[in-house]
Amino acid sequence: MKYEFNFDDYTPAEMEKRVEQASIRKANLSWLSLLMLSLLAGTFIAIAAEFYTVVTFDSNISVGFTRLIGGICFSVGLILVIVAGAELFTGNNLVVIGFASGIVNYKQVLKNWVFSYLGNFIGSISVVFLMYLTNLWKMKNFLLGAKIVQIAADKTNLTFLEGFSRGVLCNALVCLAVWLCFSARSVIGKIWAIIFPITAFVASGFEHSIANMYFIPMGLLLKTNPNILKALNESFPSTTLDNLTLYGFAGNLFSVTLGNIIGGAIMVGVVYWLIIVVPEKYLKQKK
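So, a few notes on the structure that sits alongside this text. (Residues numbered from 1 in each chain as written. Predicted model: local features only at pLDDT ≥ 70, side-chain atom pairs only at ≥ 80, totals over all residues. Heavy atoms only, no water.)

1. Brief notes about the overall build of the protein
Then, number 1: Tallying secondary structure elements over the protein gives twelve helices and zero strands in all.
Then, number 2: From first element to last, N terminus to C terminus, the protein shows the α and β order α-α-α-α-α-α-α-α-α-α-α-α.
Then, number 3: Along the three orthogonal principal directions, the C-alpha set of the protein runs to about 70 × 45 × 35 Å.
Then, number 4: Residues classed as buried in the protein amount to 49% of the 287 residues present. (Helix = DSSP H or I, 4+ residues; strand = E, 2+ residues; numbered from the N terminus. Buried < 20%, exposed > 50% of the residue type's maximum accessible area, 1.4 Å probe, protein only.)

Structure representation (structure tokens):
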């Protein structure tokens, strides 16, 4: 018996068809399956955020190189989502391609987005409490905890426009990573497709709504600890905590989530649908 192996990656047109098939599968998930898979995605992204923080908190190298290393570490979150299988709200913005092609309806899109967002939140918050119980934030005389608070404060100090624009650029890169995964035939190909776009968004300082569901609540839990406040004043004296509140958390999530939707659904999903699907339909009509 002769076996034939195809090592060529999928073309953009084939990738679009694969996204449509994935959109159908996602749209037909039961609410329980969707919620559980979304909870997993939230935990994966929260673990990636924790990994990023531990690796970078006491770095003595340049800011850019530190962010580069942190971005590579953070990539583990989307790798777990794609390879292990989970439902991530930001990546699921590409379901809009299925909606544009008429194979899923707006109710199915909204169901997927709402349940995945809710599940991601629950998963992220569960990791927040687990990490708090580990006491690992006491590392290096509470410097790790101080770094977590500093990250959270910086995020809640963003203006609406800053959070929105950084959210747009972030999820454009996240959805490009997911889009590129549809070109790959192997796990290794998917991992390489993920690393560079995700590293780019992290190193650039863009904003990811699901990651912020870990970063900011963790900062909220730690900001009243006197040892952490002492370490914060010593290592990050310019940090202001006035906006590190539940209201500030909600404001960040609102602006960043809105930006994530525009960046993922419009800048990637709709743009590729217009580039690939619309010309195909036009050529069929001419024939």
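The structure having been displayed, the exposition proceeds.
2. Describing the environment of Asn105
Then, number 1: Tracing the chain through its elements places Asn105 in the loop between α5 (96–100) and α6 (106–134).
Then, number 2: Classification of Asn105 as partly exposed rests on a relative accessible area of 38%.
Then, number 3: Polar side-chain contacts of Asn105 include one of 3.1 Å to the backbone nitrogen of Lys107. (Polar contact = N/O pair within 3.5 Å; in protein donor to acceptor, adjacent residues only side chain to side chain.)

3. Observations regarding a nonpolar patch on the surface
Then, number 1: Among the surface-exposed residues, Phe160, Leu161, Phe254, Leu258, Ile262, Ile266 and Met267 lie close enough to one another that they form a single nonpolar patch of about 650 Å² accessible area.
Then, number 2: Of all elements in the fold, only α8 (160–181) and α12 (246–286) reach the threshold of two or more residues within the nonpolar patch.
Then, number 3: With five residues, α12 is the single largest residue contributor to the nonpolar patch.
Then, number 4: Along the polypeptide, Leu161 turns up in helix α8. (Patch = residues over 30% accessible without salt bridge, like charges linked within 9 Å, V, L, I, M, F, W, Y side chains within 5 Å. Areas by Shrake-Rupley, 256 points an atom, 1.4 Å probe, with all protein chains shown as cover. Salt bridge = Lys/Arg side-chain N within 4 Å of Asp/Glu carboxyl O.)

4. Quick look at the packing of aromatic side chains
Then, number 1: Evaluation of the coordinates by the stated rule reveals twelve aromatic pairs.
Then, number 2: Ring centres of Phe74 and Phe201 lie 5.7 Å apart, and the angle between their planes is 90 degrees; on these two criteria the pair is classed as edge-to-face. One end of the pair, Phe74, is in helix α3 (residues 63–74); the other, Phe201, is in helix α9 (residues 187–204), and 127 residues separate them in sequence. Across the pair, Phe201 and Phe74 agree in class, each one buried.
Then, number 3: Between Tyr132 and Trp137, the aromatic rings sit 5.4 Å apart at their centres with planes inclined by 20 degrees, giving stacked as the arrangement.
Then, number 4: Taken together through their ring pairs, the aromatic side chains of Tyr52, Tyr214 and Phe215 make up a single cluster.
Then, number 5: Against the face of Tyr10 rests Arg185, its NZ or CZ located 4.0 Å from the ring centre. (Phe/Tyr/Trp six-rings, centres within 6.5 Å; stacked < 30°, edge-to-face > 60°. Lys NZ or Arg CZ within 6 Å of the ring centre and 35° of its normal.)

5. Some words on the packing of α8 against α9
Then, number 1: In the contact formed by α8 and α9, the axes pass within 8 Å of each other and the chain directions differ by 170 degrees. Comparing their axes, α9 and α8 come out roughly antiparallel. Residue-level contacts link Cys170, Leu173, Val174, Ala177, Leu180 and Cys181 of α8 to Lys190, Ala193, Ile194, Pro197, Ile198, Ala200 and Phe201 of α9. (Axes fitted to C-alpha atoms, helices over the stretch in contact; angles between N-to-C directions. Parallel < 35°, antiparallel > 145°, perpendicular 65-115°, else oblique. Contact = heavy atoms within 4.5 Å.)

6. Considering the side chain of Thr257
Then, number 1: Relative to the helices and strands, Thr257 is located in helix α12.
Then, number 2: Once you skip the residues sitting within four places of it in the chain, Thr257 turns out to touch Phe89, Tyr117 and Ser209.

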